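# Tertiary structure, described
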Amino acid sequence: MENRTVYFDNNATTPLHPGVKEALIEGLEIFGNPSSMHAFGREARERIEDAREKVASFIGADADEILFVGSGSEANNTVLSLLHCDSTRCSCALSGRSGLVTTVIEHPCVLNTARDLGRKSHEVTYLSVDKHGRIDLEELRRAVTDKVGMVSIMMANNEIGTIQDIKAAARIAHEGGALFHTDAVQSVGKIPVDVRDLDVDFLTISAHKLYGPKGIGALYVKKGAPYCPLILGGHQEGGRRAGTENSLGIIGMGKAMELRAIEMEEEEKRLLELKNILKAGIAEAIPDALFMGHPEHCLPGTLSVSFAGAEGEAILLYLDLVGIAVSTGSACASGSLDPSHVIMATGVPVENAHGSVRISLGRENTLEDVHYMLHHLPIIIDRIRTMSTAYRRK
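This one's a predicted model, so the numbers in the text were calculated from it and none came from an experiment. (Residues numbered from 1 in each chain as written. Predicted model: local features only at pLDDT ≥ 70, side-chain atom pairs only at ≥ 80, totals over all residues. Heavy atoms only, no water.)

### With respect to the sheet that holds strand 9 (residues 289-292)
- With antiparallel pairing, 3 strands are arranged side by side in an open sheet as 9-10-12. Two strands bound the open sheet, and with one partner strand each, they are strand 9 and strand 12 (356-360). Averaged over all pairs of adjacent strands, the angle between their axes in this sheet comes to 30°, without regard to strand direction.
- In terms of strand pairing, strand 10 (residues 302-307) meets strand 12 through 5 bridges, oriented antiparallel. Along strand 12, the bridge assignment pairs Ser 304 with Arg 358.
- Sitting on the sheet, helix 8 (residues 247-285) touches strand 9, strand 10 and strand 12, and the angle it makes with strand 10 is about 10°. (Pairing = 2+ DSSP bridges. Helix = DSSP H or I, 4+ residues; strand = E, 2+ residues; numbered from the N terminus. Axes fitted to C-alpha atoms, helices over the stretch in contact; angles between N-to-C directions. Contact = heavy atoms within 4.5 Å.)

### Regarding the pairing of strand 8 (residues 217-221)
- The element strand 8 is largely enclosed, with a buried count of 5 among its 5 residues.
- Going residue by residue along strand 8, you find Gly 217, Leu 219 and Val 221 tucked away on one face and Ala 218 and Tyr 220 tucked away on the opposite face as well.
- Inspection of the sheet shows strand 7 (residues 202-206) paired to strand 8 by 5 bridges, in the antiparallel sense. Bridge pairing in strand 8 places Leu 203 opposite Tyr 220. (Buried < 20%, exposed > 50% of the residue type's maximum accessible area, 1.4 Å probe, protein only.)

### Let's talk about the side chain of Ser 81
- Secondary-structure assignment places Ser 81 in the loop between helix 3 (72-80) and strand 3 (99-103).
- Judged by relative accessible area, Ser 81 falls into the buried class, the value being 9%.
- In terms of polar contacts, Ser 81 uses its side chain to reach the backbone carbonyl oxygen of Thr 78, at 2.6 Å.
- When near neighbours in sequence (up to four residues on either side) are disregarded, Ser 81 contacts Cys 228 and Leu 230. (Polar contact = N/O pair within 3.5 Å; in protein donor to acceptor, adjacent residues only side chain to side chain.)

### Thoughts on the environment of Ile 250
- Looking at where Ile 250 falls in the secondary structure, it is placed in helix 8.
- Sequence spacing of Ile 250 and Val 357 is 107 residues, and the spatial spacing of their C-alpha atoms is 32 Å.
- The contacts of Ile 250, once residues within four sequence positions are left out, are Ile 48, Ala 51, Phe 68, Ile 216 and Glu 245.

### Here we look at the pattern of salt bridges
- Here the structure, examined in full by the defined rule, presents 24 salt bridges.
- Of the charged contacts in the structure, one is a salt bridge between Arg 196 and Glu 65, with a shortest N-O distance of 2.6 Å. Here Arg 196, found in helix 7 (residues 195-198), pairs with Glu 65, found in the loop between helix 2 (39-59) and strand 2 (66-69); they are 131 residues apart in sequence, far enough to count as distant.
- Relative accessible area serves as the criterion here: at 39%, Arg 196 is assigned to the partly exposed category.
- When its relative accessible area of 1% is taken as the criterion, Glu 65 is described as buried.
- Connected through salt bridges with shared partners, the residues Arg 45, Glu 49, Arg 52, Glu 237 and Glu 245 form a single ionic network. (Salt bridge = Lys/Arg side-chain N within 4 Å of Asp/Glu carboxyl O.)

### Here's the deal with helix 12 (residues 367-387)
- In this model, helix 12 (21 residues) spans 31 Å end to end at C-alpha, consistent with the 30 Å of a helix rising 1.5 Å per residue.
- Considered for burial, the residues of helix 12 that qualify are Asp 369, Val 370, Tyr 372, Met 373, His 376, Leu 377, Ile 380, Ile 381, Ile 384 and Arg 385.
- Close packing links the buried residues of helix 12 with strand 1 (6-7), helix 8, strand 10, helix 9 (312-321), strand 11 (324-325) and strand 12. (Expected span 1.5 Å × (residues − 1).)

### Some points on the sheet that holds strand 3
- The 7 strands lie next to each other as 2-8-7-6-5-3-4, forming an open sheet whose pairing is mixed. The strands lining the two open edges of the sheet, one partner per strand, are strand 2 and strand 4 (124-127). Here the average twist between neighbouring strands, direction ignored, is 20°.
- Along the sheet, helix 4 (residues 108-119) makes contact with strand 3, strand 4 and strand 5 (148-152), crossing strand 4 at roughly 145°.

### Notes on the nonpolar core
- Ranked by internal contacts, the top residues of the largest apolar core, which has 59 residues, are Ile 59, Leu 140, Val 151, Val 188, Leu 203 and Ile 205.
- Ignoring sequence-local partners within four residues, the contact set of Ile 59 consists of Ile 66, Val 188, Val 193, Asp 194, Val 195, Leu 203, Ile 205 and Tyr 220.
- The next biggest cluster of nonpolar side chains, apart from the first, holds 25 residues, and it includes Ala 310, Ile 315, Leu 319 and Val 326. (Core = buried A, V, L, I, M, F, W, Y, C linked by side-chain atoms within 4.5 Å.)

### Examining the environment of Gly 189
- Here Gly 189 lies in the loop between strand 6 (179-183) and helix 7.
- Residue classification places Gly 189 among the buried positions, given a relative accessible area of 3%.
- Sequence-wise, Gly 189 and Ser 206 are 17 residues apart; in three dimensions their C-alpha atoms are separated by 9.8 Å.
- The contact partners of Gly 189, leaving out residues within four places of it in the chain, are Phe 58, Leu 210, Arg 260 and Met 264.

In structure tokens form, the structure reads like this:
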């Protein structure tokens, strides 16, 4: 088979959409400070507000509910910081409810912030997940006591693709008197998301996960929800996030949202079809393959699979030699030899967790890419297993 280059790591980051690239090139000429009142500043401000409208429209929000930030991690930290807000610098008030409920499979930016809250004497509860990575809503209900001020549950997991019932979770949080936040970084642009239907108080978005530029994200803040700036300074973003706006990044994010509104529905169907072909091909060609994530409630382009007797890092490197890019888990956790906390939380044995890879498809992937993977992956797994002293074929 002729060699080709295949990018199957779209959950880590996505390539720029050609339309976004064009918008960024054009935007390079817009250099005015958006806070300036002259024509150069007004032009930048107009482009920012146009992008804000596009982001808001895509998730069913109003424009003044969208706050531009530097990343998904910043947005998540901003929301969780409400739990230890100094009320002397804002009107935020959680009525003394400083507890947090989250899950054991969140992104590290949420888990590490939660641990930090715990060290500062906040009561933090971590919800468990089942073998498919879904939480138990009754466990959530029991966890939302009168001490809990915030519930933070990611919409779709970045490693195994499992989608939570966010609408039901938000309802339970509100019934218990808590605010609700969802990290929707892996969801927005891949599956339909409507903040009004979900009734969430806060929602996190990142542009580089939906074919936009890096270094720009957005936070949805529901009207009337308490809010406290994480970054203090000037009046930018309505006083909610100081610092001169990243005009170019915001322009790119707005264009990415505009294009997602056009392309997402058809792409969702196409990626699910490609994933199913890939999954069936792996199951047929490679024995002792364990698929992770929910069989139905899962992102259309995410396939997490473990191969007994084969280390994930070895699989990644061998695939890279033939031009295929995958991940052994979250890109934010790369460099660690520890097995994925997400996969371990689903009850997968540690040896299987070490042998897991994440294949995440995107808009540029084709059926030929899938066939290329199905040609090389069985050969690679067999080669690694042949060298393994621990693996014995069933």
